[in-house]
Every structure is written in structure tokens, then in C-alpha cells.
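Structural overview for review
Okay, here's what each chain looks like letter by letter:
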Amino acid sequence: MTNGRLGSVVLEARGVSMQFAGLRACDDVTLSIRTGEVLGIVGESGSGKSTLLRCLGGILQPTAGTVHLRLAEGAHRDLWAVDEATRVQITRTSIGLVHQNPRDGLMMDITAGGNIVEPLMAAGARNYAALRATAVDWMRRMELSLDHIDRFPADFSGGMQKRLQIARCLVTGPRILLMDEPTGGLDVSVQARLLDLLRHLVKELAMAVIVVTHDLAVARMLAERLLVMRAGQVVEAGLADQLLEDPQHQYTQMLVSAALRL
Amino acid sequence: MIPQSDSEADGPGFNYAYLDERSKRSIRRAIMKAVALPGYQVPFASTEMPLPSGWGTGALQITASLIGRADRLKVIDQGADDATNAASIKSFFKRVADASTTTSTADATIIQTRHRIPEQPLRSDQILVLQVPQPEPLRRLTPRARETQRMHAYADYGRLYVLLYEDITRHREVATSYDYPVRVNGRYIASPSPIPKFDNPKMNRSRGLALFGAGRERRVYAIPPLTAVESLDFEDHPFSVQRFPAACSLCGSRTSYLDELVTGDDGARRFVCSDTDFCTTRQHDRNARAE
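Heads up: these notes are all about the structure in this document. Only a predicted model underlies this, so the values are computations on that prediction, with no experimental measurement involved. (Residues numbered from 1 in each chain as written. Chains lettered and ligands numbered in written order. Predicted model: local features only at pLDDT ≥ 70, side-chain atom pairs only at ≥ 80, totals over all residues.)

Looking at the overall build of chain A
For chain A, the count of helices and strands is ten helices and ten strands. Scaling as 2.2 N^0.38, a compact globule of 262 residues should have a C-alpha radius of gyration of about 18 Å, and chain A matches this with 18 Å. For chain A, the spread of C-alpha atoms along the three principal axes comes to 55 × 50 × 45 Å. Here chain A holds 262 residues, and 44% of them are scored as buried. Of the contacts formed within chain A by residues at least 6 apart in sequence, a portion of 66% connects residues at least 24 apart. (Helix = DSSP H or I, 4+ residues; strand = E, 2+ residues; numbered from the N terminus. Rg over C-alpha atoms; globule rule 2.2 N^0.38 Å. Buried ≥ 20, exposed ≤ 12 C-beta atoms within 10 Å, placed from the backbone. Contact = placed C-beta atoms within 7 Å.)

In C-alpha cells:
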């Protein structure tokens, strides 16, 4: 793979560990990602994928390790070394996190349009007409019908909720998008459309994307580079095609051979 | 040592203005902190008062901790001096503080109020004490106190603007007409208590000190004199107050907040000032001029 189109390093995590009471959910994970790159994190349920994502996204403080982020103005910040106010500010503007469960990422009793533009209002946008235009624009880009802009996400299908959540995350133009199981709970045809949409977005918007999934097909379709996690540790890392065609680690071999094929 | 009771106590087991001096001091400390942090909700040790919570026990405690023998107290409920709530609070302070009371806004030094701010602008020697049932403007967004505190701490008020967005989307205007949230001194967002939004502009750079007491929720907050108070709005949907289709049928005022009265089975209606003192003063002046 050529690195010609890749930009500078956006996020660099070193030695990230997360110790819960009797469980080491993440163990000394080190990774970095550049602008325009899509990194997939795969592994079975409970392997620490989501925990890692929450540590990178500024939601869960890791027990050890650093998460460095390069902001738009070129400054480097250690997400877990800055004070909470700065961290809130950074996560609000520079990181988009798509939750596995839409209820964690959306306000269910607020209309779709309100959900999309809320991050902008939190950042200080105070012009209704402009906000409305932005909401319409993102509904369109997410292939959501404009008839739904004033409806509540609770009435949306799973796929629509996912797309709405992605729109809400992208509206501030984050440097990095973190997605937890973007296709989880969706049927195959809806999955395919969402993947298509995501691939377009990644190309269009210059940002780094980390996708956590247990679905190897999704990982292969979206990501150029993969990390394989097991019991909190990264057991194998490499280019997606290479890693899936010729898995080196025993666990990866098991994972690949266990994947369903039609 | 803080004295347990006022030196001129009216007998054993009783202290001037109902509360003992230590309780008054603790409330005054909370008030001082509230004045230092305009719009910030300061917790205080709200005690039982001989009034159901929700009837103004917070404001009652503030008034009790402030009132002295030289004060003149005015109490209003929905603008009226003779409403049940106002009348009982007034008679309470007559009894426990031997307070001189007045219905005149101009003569009062302390004005305890529920649901209205007097039409006549306050002077710097007057204190407005407002009764607040729900001091947390973010409560309608989330029931979790920890979360609202965090939002206040980081001035994370985006979700409050979402409510305005939703109103404009649904009704083409902001439909909230009372308890309309305000930003105090460019920082904390506070509830102005359930006054009509008509009264919000009166708080901006008012000369009088405004104190807010929530007894059940155990919070006091303040808007110090001459503090900037802005009501939340969008650039292209500026904040506006209610307008009335008529003048007051008693005093002819077109600038005051009016109550609509239905006067007959045929739907006939008329409008009168909600602030009774303002209205009677105007009528009095008009009659005096006529003579």
C-alpha cells in the first residue's frame, strides 16, 4: 500500500491499559493513525475493543498510557493529561464517537434535525436559519429523507438511527471519527448501503477513522489496516488484506476460519 | 460566639423573625456566595418552615434572614398584594418579626414575590426575593443532578439551545412563555423563577438586588445590582416579550403585563394590570389630576 495520500499522525496511543476491578480490559495497547486512514479493530466479544475506543474517545480514563491528539491548529494534546474542561472542549470539537447503541449517542425525545445540530450549538452557533440549513444538508448527505427531519429518532429504524448518529458526529468536522460496531444489528442490505456511504464519507472528508467491529467482512471493506485484539491485548497488526489472507497468529487464524462464507 | 438569639428577644423559646440567629447567619453566608457568583446555585441548609414546601419556603427563609426592625415588607403573588399566598406570608412576618408592611412598591425595602417582578423599576436600596419551585434550568434536559452540575461547570449549554431549536421548528417561535432561562453575567444560565418572560428584561442591569430561594431544592442564587442578564435566543429569532391586544381597562396602561379576564358568557373579555399596586397608583394619579 502506498502512503502517498496519507497525512500526518492524528492520534497516537501509547501503552493504553484499562484495569477494571478484577479484569484487565486493555493491556498495553499502542497504536497510531494518520489523516485519511481507516483503522479496523477486530476481535471477539469481550476482547476490550469498545473499552479501548472509549479510552481513545475521552470517555473512559485509562489506568495507564497516553493518548496524544493533534488538533486542527497543529497543537499536540495528551487527552488524559489536560484538565477536564479542555478535554470536554477537545472531544466536543475534534472527536466524533458513534456509539454501538444509538440511545447512548442520540437524544431520543429531540427531533432528528435537533440531534444533528446540537454539537454546533454547544460550540456556539446561534443562527437558526444556518443551523436548519446544516441539518437539511446532513440529512441529505446521510441519505435520510427530509420528511424525517422533524421526527423523533425513537421512531426511526436501526439503520436510520445509525446514520443520524454519524451525521451528528460529523457535523463539527472532527479530526477523528471513532465507530463502535457501525453495522451492528442491521440486516445485510442495510449494512451494505451504510458501508457504501461510509466509504464515500471517508474519501470525501479528510479525517482519520477507527472502526471497531467483530465482523471481519466489514473490517475488510472499510479498513486498510487492522488490529486483532484478544483478552485486552493486540495479538496481530497489519494491512487488512494481508492479515486476513495470511493470518500469522493462531488466534487470528481461528478468527478468519470461523468467519461465515456464502 | 454567635448568639443563639436576638438580644431583644420577645421571650424564651422565641427569636426575632422566626429563625434563630445561627440559621440566619448560615443563610446569609449562602447569599454572600450567591452574590459573588451571579446565577450560580448555592446549596444551603433549608429548614422546615410553617408553610408547605413549594409555597415559598426558600424565599421565606431568605426574607427571615434579611428582615430587620427598620424594614418595610411587601409581598406579592402573581402581582397582587391580597392573594392568599402573599397575605399569609405577610401576616407571618407581622407576627414573628413585628414587620411594618406595605403594598407600595416605592415604599418597600424588601419585596418577596411569586410569579411577577413589579412594574416599577427597583432602586438600589431595595431587595427583591423571588420564590422558586425549580431552580435548575437544565432539569428539563436531564433528571441527573451530577450531569447538570457538570454542564454548568463547563458552560455546556448546547442542549438548552436545542429546546429553542425544537420550539422554533414546531411553532415558528420560542413557545416558552414563563420561566424563560437567562444567562447571568455572561456565564451561568439560571432560571428566573416562573415569572412571565415579559419580566425577563427587567432583570437586566436592575438597580435592586434579586435573590432567589428554593426551599425544597435547597438552593439560593442571586442577580446582583447592575448585572447583565440576557434571555437565550437565536440571532435570527431574537428574544421578544408578550404583547397585549388592549390597554388596561382600569388604568389604561399599555406598557404593563396584563391579565385577561372573561367577563360574560358571550366571551366578552377585558384586560387589567397584573401588578395591582402599579394599577391603583396610576388610577389614583389620574383621579388626582382630574380634580
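Text resumes after the structure shown.
Side note on the nonpolar core
By size, the foremost hydrophobic cluster in this structure holds 86 residues, and its most contacted members are Leu11, Leu56, Leu178, Val209, Ile210, Val211 and Ala219 of chain A. Residue contributions to this core peak at seven residues, all from helix H5 (residues 158-171) of chain B. In contact with Leu56 of chain A, other than residues within four places in its own chain, are Leu11, Ala13, Val67, Leu178 and Ile210 of chain A. Membership of the second largest hydrophobic core comes to 48 residues, among which are Leu66, Leu73, Phe92 and Ala210 of chain B. (Core = buried A, V, L, I, M, F, W, Y, C linked by C-beta atoms within 7 Å.)

Some thoughts on the sheet that holds strand S3 (residues 100-101) of chain B
Residues and elements named next belong to chain B. Spatially, the seven strands line up as an open sheet ordered S1-S9-S8-S5-S4-S2-S3, and their pairing is mixed. Each of the sheet's edge strands pairs with one partner strand only, and the pair in question is strand S1 (42-43) and S3. For strand S5 (residues 127-131) and strand S8 (residues 209-214), the ladder comprises five bridges, and the chain directions are parallel. Bridge pairing in S8 links Gln131 to Gly213. Where helix H2 (residues 57-66) meets the sheet, its contacts fall on strand S4 (110-114), S5, S8 and strand S9 (219-223), and the angle it forms with S5 comes to roughly 155 degrees. The strands that helix H3 (residues 84-97) touches are strand S2 (72-77), S3 and S4; relative to S2, the one it contacts most, it runs at about 160 degrees. (Pairing = 2+ DSSP bridges. Axes fitted to C-alpha atoms, helices over the stretch in contact; angles between N-to-C directions.)

As for the interface of chain A and chain B
If you look at the interface, chain A gives 17 residues, while chain B gives 14 residues. Those elements giving two or more residues to the side of chain A that touches chain B turn out to be helix H2 (84-94), helix H4 (112-122) and helix H5 (128-141) of chain A. Element by element, the count of residues in the side of chain A that touches chain B is highest for H4 of chain A, at seven residues. Its residues assigned to classes, the side of chain A that touches chain B comprises ten nonpolar, four polar and three charged. (Nonpolar A, V, L, I, M, F, W, Y, C, P; charged D, E, K, R; others polar.)

Some words on helix H1 (residues 49-56) of chain A
An α-helix turns once per 3.6 residues; consequently, residues spaced three or four apart project the same way. Counting buried positions over the eight residues of H1 of chain A gives seven, a clear majority of the element. Those residues of H1 of chain A that fall on the buried side of the exposure criterion are Lys49, Thr51, Leu52, Leu53, Arg54, Cys55 and Leu56 of chain A.

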